[in-house]
Amino acid sequence: MLHDPNHLYIFDTTLRDGEQVPGCQLTTPEKIEIAKDLEKLGVDVIEAGFPVSSPGDFQSVVELSKAVNDVIICALTRANKNDIDVAAEALKFAKRPRIHTGIGSSDLHIQYKFNSTREEILERAVSAVKHAKSYVEDVEFYAEDAGRADLEYLAKMVEAVIAAGATVVNIPDTNGYCLPDQYGAKIKFLKENVKNIDQAIISAHCHNDLGLATANSIAAVQNGARQVECTINGIGERAGNTSLEEVAMILKVHNQVFGGLTSNINSQMFTYISRKVSEMMNMPVQPNKAIVGRNAFAHSSGIHQDGFLKHRETYEIIRPEDVGLLEADIILTARSGRHALKHHLERLGYQLEKEELALTYQRFLVLADAKKDICDEDLVTLVTSRQG
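Residues numbered from 1 in each chain as written. Predicted model: local features only at pLDDT ≥ 70, side-chain atom pairs only at ≥ 80, totals over all residues. Heavy atoms only, no water.

Asks: Go over the overall build of the chain, please, and point to the residues and values.
Replies: When its secondary structure is counted, the chain shows 14 helices and 10 strands. The dimensions of the chain, computed from C-alpha atoms along their principal axes, are 85 × 40 × 35 Å. Taken over 388 residues, the chain has a buried fraction of 54%. Pairs at least 24 apart in sequence give 73% of the contacts found in the chain among residues at least 6 apart. Computed over 41 positive and 54 negative side-chain charges, the inter-centroid distance for the chain is 1 Å. (Helix = DSSP H or I, 4+ residues; strand = E, 2+ residues; numbered from the N terminus. Buried < 20%, exposed > 50% of the residue type's maximum accessible area, 1.4 Å probe, protein only. Contact = heavy atoms within 4.5 Å. Lys, Arg positive; Asp, Glu negative; His and termini not counted. Charge placed at Lys NZ, Arg CZ, Asp CG, Glu CD.)

Asks: How would you sum up the sheet that holds strand β5 (residues 138-144)? Please name residues and give values.
Replies: Pairing within the closed barrel is parallel, and its 8 strands lie in the order β1-β2-β3-β4-β5-β6-β7-β8. Taking each pair of neighbouring strands and ignoring which way they run, the sheet shows an average axis angle of 25 degrees. Sheet contacts for helix α2 (residues 55-67): β2 (45-49) and β3 (72-76); angle to β2, the most-contacted strand, approximately 145 degrees. Packed onto the sheet, helix α8 (residues 213-222) meets β6 (168-173), β7 (201-206) and β8 (227-230) and runs at close to 165 degrees relative to β7. (Pairing = 2+ DSSP bridges. Axes fitted to C-alpha atoms, helices over the stretch in contact; angles between N-to-C directions.)

Asks: Quick rundown of the UniProt feature "domain: Pyruvate carboxyltransferase" (unreviewed entry) in the chain? Include the residues and the values.
Replies: Feature annotation in UniProt assigns "domain: Pyruvate carboxyltransferase" (unreviewed entry) to the following positions: residues 8-271. Across residues 8-271, helical content stands at 41% and strand content at 17%; the span's end C-alpha atoms are separated by 22 Å. (UniProt positions renumbered as here; feature names shortened; annotations may be inferred.)

Asks: Explain the environment of M281 to me, using residue names and the numbers behind them.
Replies: Its place among the elements puts M281 in the loop between α10 (270-280) and β9 (298-299). You can call M281 buried: its relative accessible area is 1%. Through-space distance from the C-alpha of M281 to that of L359 is 48 Å; in sequence the pair is 78 residues apart. Residues in contact with M281, not counting those within four places in the same chain, are T14, G18, E19, G23, C24, L26 and I235.

Asks: Break down α8 for me, citing the residues and quoting the values.
Replies: The buried count for α8 comes to 8 of 10 residues, which makes it a mostly enclosed element. Lining the buried residues of α8 we find β6, α7 (180-193), β7, β8 and α9 (244-253). G224 occupies a position one or two residues after α8 and carries a positive phi of about 115 degrees.

Asks: Residue-level account of the pairing of β6, with values.
Replies: Side-chain positions along a regular strand alternate between the two faces of the sheet. Across the 6 residues of β6, 6 count as buried, placing the element largely inside the fold. A two-sided burial pattern is seen for β6, the buried positions comprising V168, N170 and P172 on one face and V169, I171 and D173 on the other. Of the strand pairs in this sheet, β5 and β6 are connected by 3 bridges, and their pairing is parallel. Note that in β6 the partner of Y142 across the bridge is N170.

Asks: Outline the nonpolar core, listing residues and values.
Replies: Core analysis: the biggest nonpolar cluster contains 95 residues, and L41 and F270 have the highest contact counts within it. Tallying contributions element by element places helix α6 (residues 151-163) first for this core, with 8 residues. Apart from the residues lying within four places of it in its own chain, the contact partners of L41 are I232, L244, N264, I265, N266, M269, F270 and I273. (Core = buried A, V, L, I, M, F, W, Y, C linked by side-chain atoms within 4.5 Å.)

In structure tokens, the structure reads:
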């Protein structure tokens, strides 16, 4: 599989890792609807499910394979023959199929999860990749719990699976354990010490248990990873996965830092797809969530509002239009200043002289202290009652 070193591949696992959240299960038609939106968004890979886990998941992978044209459709398996056989069957209609197989790489997983040895696990890893390769050209291998794995052993495993035919090697921080410099150093070590690493794409799959999923994924990219596994709104097991919209906007805002690295993501779809996934999966987005939270482009402090109204870049590094919002919100609260009040009154068609504005502002503060949300009707009443 030839890959472009100047392209960051976006691997979306909303429909697999994201859907593992209790209460977030989707029907196959709902998955197809989201998958078609993800294709329009510009993701490179859609992880459609874990076919062996249930008949429903198997059917979803079959139907998604039929419904999507340009995107790689990926199915997850464990490192065993039956899982891989079932995944290959589920992917038979995919135009661009990928089997994603793997096994634990940390001594904790090897000893306590598999009751095995490093040598045995290495053999199972290689065997799984070879078996997957007999079905599809594009095979991704995940070294589960790589975040806590011994570096030398991890490098040995990565080298062995690439030699066996893996086109992508996924280095998951399964428990969200790593700090960004640790995770970045892990990727750098693999880049420098695995002799066949140039034959595969390194992928970052980070969890958010310590709130570091996006930071870790970015550290991985800075050290040579060229695929990031993420979800819309950062949903996923426990504290969630890396947030797709955060990665894409970091790449956009800091493009020079990444040497002009590109992705196919159409960021103007973020607000739409975020709301859709939130509603369909019954998973509210926290108001202060970066990029897509309700308050991400809302300014309520008087100092911020004044600066923003004078020159928007004083308090905005992303234009709301770039993520599909019409404009930023200037929220009126008891912390708002005269400039914000004047802005909203003018929006409603009221041009007040300086003294009139000062008096109206004093009455506004009394109202704002008593009432949490100030709406347009409140402003109209403030002005008309005074004028009357």
